[in-house]
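Below are the chains, spelled out letter by letter.
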Amino acid sequence: MSAAPNLVTNSRNQPFLAGEMAPVTDELDVASCRTTGEVPGDLLGKFIQNGPNPRFEPLGRYHMFDGDGMLHAIEFAEGRVSYRNRWIRTPMLAAEMRAGRALYPGLADLMNFPDASLVGDAGPIKNPANTNIIRHAGKYLALYETGLPVEVTADLETLGIRDFDGKLPCGITAHPRIDPVTQEMFFFAYSPFPPYLRYFVADAQGNLVHAIEIPIPAPSMIHDFVITEEHAVILDSPLKFNMDAITEGGSMIKYAPEGGTRIGVLPRHGRADEMTWYEIENGHVQHFWNAWCENGVVELSGTFNTSPEYGMDTGGDPSESSASAKAGVATRFKVDLARGAAKAEQFDDMEGDFCRFNEGHNGRRSRYHYMGGFRGERGVIGQFDTVVKYDDRSGARESWYAGKQHHIGEALFAPDPRGSAEDDGWLLFTDHDHAENTTDVCVVDARNVGAGPIARVHMPRKIPFGFHVNWFRADG
Ligand SMILES: [Fe+2]
């Protein structure tokens, strides 16, 4: 692709546009990437990352949540690894591409709406679709939690916004849960404005079949949730929206422990009045691992942050208004449905996040849980240097440290199609070398995480910092 006008220069020296976060300006198709080590022959499918990559020089202050979604796909075919990246051409980005410049402000200047004559039907607020990429009912959906899903093809071409035949009234979580047996998709939506919480179910064919509004006392920031075979489980966080900040300044998200923290357990297809809430100690969970229900006890786990410093400041230094200044620690929650009691049990002290596991166990007991953590200098969520594996049965922690100059992305679990054990498979993640400004996609044997990568795929140029990654089996 030839150079386009108004590419991001970061002339205002904005921290979310510097270093690894600096966007790339091209869309590449590389048929065969250089590899080192031995790429497993049974690893067949696509690793796709979604993340922010602003196409045009931002109008004002830029937050990493603002950037246009860009997908990076690394396809493992027999004996060959290819790379392709594409911007997600949302209607908003399409309007900007027609104009040849940015039209939409970032979250910090949200009310500074674009000229309606320039954006047309795309509307006044950008949905950059930059947070996650999933596949359900054969459709690839790029997700951003305050925007409707955007469908793309397996080859990363944008098809358009999807609202489940007009039944979905709002943006949804970037973390739906798909039952590996029924293939139903469960998801929720939060909003700073009433209704604050909604919950949905799509059937295996992708039809929206269940939608309810769940009353909660205040608008909470809820990023992820879990399912069991019978329940949807939602944590009502003490992080609350303060939309007055848009006009009055200050942070749009505030820690409000006086409102308490509750775990809500709802039958999967339940009515709003079937939601039961259980108080736990105050804290926020950005990402969960898994959940299951055995003998009347719902058990779930995630990284729990009992002193969250989550800011979205409308003024001041954007480098101090990141997603979170601090990651949580691995914590197990048990909800005794009969006794009506819930408790949190921290089981490690390493700060981490980007919780993943073998999703073939979604809603059923899982033994192995993976995350990004800090063995070196502690940083913010996302800036991890270590891949961690927890064995829930033995309590053991195994890890691999990428090195001082390195940042690893989210580590997903790709199952070995010939395997039968829960950890028969590979962890795939990006490894960014700050000194060289290069990115590798690493393959680690999930049965031996401590040994580090068995193979590396060297990207033709860096992949910028991203949010979430997923694995799409070639036969899936
Ligand atoms: Fe997330």
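Anything mentioned here points back to the structure above.
I will try to describe carefully the structure that is included in this document.

## A short note on the state of the cysteines
Consideration 1: In total, this model carries 0 disulfides according to the counting rule given.
Consideration 2: Left without a disulfide partner, Cys442 is nearest to the cysteine sulfur of Cys33, which lies 13 Å away.

## Looking at the coordination of the iron ion
Consideration 1: Here the iron ion is held by the protein donor atoms His175 (NE2), His223 (NE2), His287 (NE2) and His468 (NE2), which lie 2.0 to 2.1 Å from it.
Consideration 2: Relative to the metal, the 4 donor atoms surrounding the iron ion lie at angles of 91 to 161 degrees, and the coordination shape comes out irregular.

## Points about the side chain of Glu145
Consideration 1: Tracing the sequence through the fold places Glu145 in the loop between β7 (139-144) and β8 (147-152).
Consideration 2: Among the polar contacts listed, one links the side chain of Glu145 to the side chain of Tyr190, at a separation of 2.5 Å.
Consideration 3: Of note is the side chain of Glu145, whose polar atom sits 2.9 Å from the side chain of His223.

## Here we look at the pairing of strand β5 (residues 80-87)
Consideration 1: A large share of β5 lies buried, amounting to 6 of its 8 residues.
Consideration 2: Here 2 bridges tie strand β1 (residues 29-30) to β5, and the two strands are oriented antiparallel to one another. Residue pairing across strands places Asp29 opposite Arg84, the latter belonging to β5.
Consideration 3: Hairpin connection, strand β4 (residues 69-77) to β5: the antiparallel pair is bridged by 2 residues, and Gly79 has positive phi, about 80 degrees.

## Some thoughts on a nonpolar patch on the surface
Consideration 1: Taken together, the side chains of Met111, Phe113 and Ile125 present a nonpolar region at the surface, about 290 Å² in accessible area.
Consideration 2: Among the secondary structure elements, Met111 is positioned in the loop between α1 (91-99) and α2 (116-119).
Consideration 3: For Met111, a relative accessible area of 49% puts it in the partly exposed group.

## Points about α1
Along an α-helix, residues three or four positions apart point the same way, because every turn accommodates 3.6 residues.
Consideration 1: Residues of α1 that are buried: Met92, Leu93, Ala95 and Glu96. Viewed end-on, α1 has its buried residues packed into an arc of 155 degrees, placing them on one side of the element.
Consideration 2: Against the buried residues of α1 lie β5, α2 and β9 (158-161).
Consideration 3: Once α1 ends, the next one or two residues include Gly100, with phi positive near 75 degrees.

## As for the pattern of salt bridges
Consideration 1: Inspection of every chain in the model, using the stated rule, returns 38 salt bridges.
Consideration 2: Note that Asp179 is salt-bridged to Arg268, the shortest N-O span being 2.4 Å. One end of the pair, Asp179, is in the loop between β10 (177-178) and β11 (185-190); the other, Arg268, is in the loop between β18 (261-267) and β19 (276-280), with 89 residues separating them in the sequence.
Consideration 3: The exposure class of Arg268 is buried, given its relative accessible area of 6%.
Consideration 4: Between Arg271 and Asp273 there is a salt bridge, with its nearest N and O atoms 3.0 Å apart. In terms of burial, Arg271 and Asp273 fall into one category: exposed.
Consideration 5: Beyond isolated ion pairs, a larger network of salt bridges with shared partners links Asp29, Lys46, Arg84, Arg86, Asp155 and Glu157.

## Let's talk about the pairing of β8
Consideration 1: Most of β8 is tucked away, with 5 of its 6 residues classed as buried.
Consideration 2: Judged from the 4 bridges that link them, β7 and β8 form a sheet pairing that is antiparallel. Each bridged residue has a counterpart across the sheet, and for Tyr140 the counterpart in β8 is Val152.
Consideration 3: Note: β8 against β9, 3 bridges, orientation antiparallel. In the strand pairing of β9, Glu151 is matched with Gly160.
Consideration 4: Hairpin connection, β8 to β9: the antiparallel pair is bridged by 5 residues, and Leu156 has positive phi, about 75 degrees.

## What to know about the sheet that holds β7
Consideration 1: The 4 strands lie next to each other as β6-β7-β8-β9, forming an open sheet whose pairing is antiparallel. One side of each edge strand has no neighbouring strand; the edge strands of this open sheet are β6 (132-136) and β9. Taken pair by pair, the neighbouring strands of this sheet meet at an average axis angle of 30 degrees, ignoring direction.

## Here's the deal with the packing of aromatic side chains
Consideration 1: Within this structure, the stated rule accounts for 16 aromatic pairs.
Consideration 2: Arranged with centres 5.2 Å apart and planes meeting at 75 degrees, the rings of Phe188 and Phe225 form a pair that is edge-to-face. Here Phe188, found in strand β11, pairs with Phe225, found in the loop between β13 (208-213) and β14 (226-227); they are 37 residues apart in sequence, far enough to count as distant.
Consideration 3: Classification of Phe225 as buried rests on a relative accessible area of 0%.
Consideration 4: Taking 6.0 Å as the distance between ring centres and 40 degrees as the angle between the ring planes, the aromatic pair formed by Trp400 and Phe429 counts as tilted. Taken together, the residues Trp400 in strand β26 (residues 397-401) and Phe429 in strand β29 (residues 425-433) connect sequence positions 29 residues apart.

## Considerations on the nonpolar core
Consideration 1: Counting residues in each nonpolar core, the largest one holds 23 residues, and the members touching the most others are Phe188, Leu197, Tyr199, Ile214, Phe225 and Ile234.
Consideration 2: Contributing elements (two or more residues each) for this core: β11, β12 (197-202), β15 (231-236) and β16 (239-241).

## Here's the deal with unusual backbone geometry
Consideration 1: Cis geometry is found at the peptide bond from Pro194 to Pro195, where omega equals -10 degrees.
Consideration 2: Note on placement: Pro195 falls in the loop between β11 and β12.
Consideration 3: Positioned with a positive phi, Asn10 is a non-glycine residue whose angle comes to about 55 degrees.
Consideration 4: Tracing the chain through its elements places Asn10 in the segment before β1.
Consideration 5: Positive phi values are uncommon outside glycine, yet Asn437 reaches one of about 55 degrees.
Consideration 6: Tracing the backbone shows Asn437 in the loop between β29 and β30 (438-445).

What counts, and where the lines are drawn
- Residues numbered from 1 in each chain as written.
- Predicted model: local features only at pLDDT ≥ 70, side-chain atom pairs only at ≥ 80, totals over all residues.
- Heavy atoms only, no water.
- Disulfide = S-S within 2.5 Å.
- Donors = N, O, S within 2.8 Å, 3.2 Å for Na, K, Ca; no water.
- Tetrahedral: all angles 85-135°; square planar, octahedral: opposite > 155°, others 65-115°.
- Helix = DSSP H or I, 4+ residues; strand = E, 2+ residues; numbered from the N terminus.
- Polar contact = N/O pair within 3.5 Å; in protein donor to acceptor, adjacent residues only side chain to side chain.
- Buried < 20%, exposed > 50% of the residue type's maximum accessible area, 1.4 Å probe, protein only.
- Pairing = 2+ DSSP bridges.
- Patch = residues over 30% accessible without salt bridge, like charges linked within 9 Å, V, L, I, M, F, W, Y side chains within 5 Å.
- Areas by Shrake-Rupley, 256 points an atom, 1.4 Å probe, with all protein chains shown as cover.
- Salt bridge = Lys/Arg side-chain N within 4 Å of Asp/Glu carboxyl O.
- Arc of directions from axis to C-beta.
- Contact = heavy atoms within 4.5 Å.
- Axes fitted to C-alpha atoms, helices over the stretch in contact; angles between N-to-C directions.
- Phe/Tyr/Trp six-rings, centres within 6.5 Å; stacked < 30°, edge-to-face > 60°.
- Core = buried A, V, L, I, M, F, W, Y, C linked by side-chain atoms within 4.5 Å.

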